[in-house]
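What follows is the residue order along each chain.
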Amino acid sequence: MIHKMNLNDDPFNRIKEGTKTIESRLNDEKRQLLKIKDYIEFTNRLTFEKMLVEIINLHKYPNFEELYKHFNKIELGYDKNTLANSKDMEEYYSKEEQEKYGVVGIEIKRIKTI
């Protein structure tokens, strides 16, 4: 199955480079459909470039704070000189949403740019 998701330019390029291997999302109804070996077609919100990735694993946690404890900041899409802070995800998902759905770290492998 192929799932479609949008990404900002910076995380899109980090996946394309192969450094970002964990995509952090709310584990809402849409993400609950994800399965290991499924594919995600990411679309870059800025350039509309598309990329296909394979789901290698799904890591579920109650919130982003817990998820961030289990992965290094490079895997999560940060620079080595940048502080990785789980509160960054509150820009996209509220604490209430995290409490309701939990979160998922989608471990991915880039297949190709489309």
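Residues numbered from 1 in each chain as written. Predicted model: local features only at pLDDT ≥ 70, side-chain atom pairs only at ≥ 80, totals over all residues. Heavy atoms only, no water.

Caption draft 1: Just the overall build of the protein chain, in detail. When helices and strands are tallied, the protein chain shows three helices and five strands. Referenced to the eigenvectors of the C-alpha coordinate spread, the extents of the protein chain come out at roughly 35 × 35 × 25 Å. For the protein chain, buried positions account for 41% of its 114 residues. Within the protein chain, contacts between residues separated by at least 24 positions form 71% of all contacts whose residues are at least 6 apart in sequence. A total of about 6700 Å² of accessible surface is found on the protein chain, and carbon and sulfur atoms cover 49% of it. Across the protein chain, the mean location of the 21 positive side-chain charges is 5 Å away from that of the 21 negative side-chain charges. (Helix = DSSP H or I, 4+ residues; strand = E, 2+ residues; numbered from the N terminus. Buried < 20%, exposed > 50% of the residue type's maximum accessible area, 1.4 Å probe, protein only. Contact = heavy atoms within 4.5 Å. Areas by Shrake-Rupley, 256 points an atom, 1.4 Å probe, with all protein chains shown as cover. Lys, Arg positive; Asp, Glu negative; His and termini not counted. Charge placed at Lys NZ, Arg CZ, Asp CG, Glu CD.)

Caption draft 2: Examining the pairing of strand E2 (residues 22–26) more closely. The buried fraction of E2 amounts to five of the five residues, a majority that puts the element mostly inside the structure. Burial of the side chains of E2 extends over both faces: Ile-22, Ser-24 and Leu-26 are buried on one face and Glu-23 and Arg-25 on the other. Bridge count between E2 and strand E5 (residues 103–113): five bridges; the pairing is antiparallel. What sits directly across from Ser-24, in E5, is Gly-105. (Pairing = 2+ DSSP bridges.)

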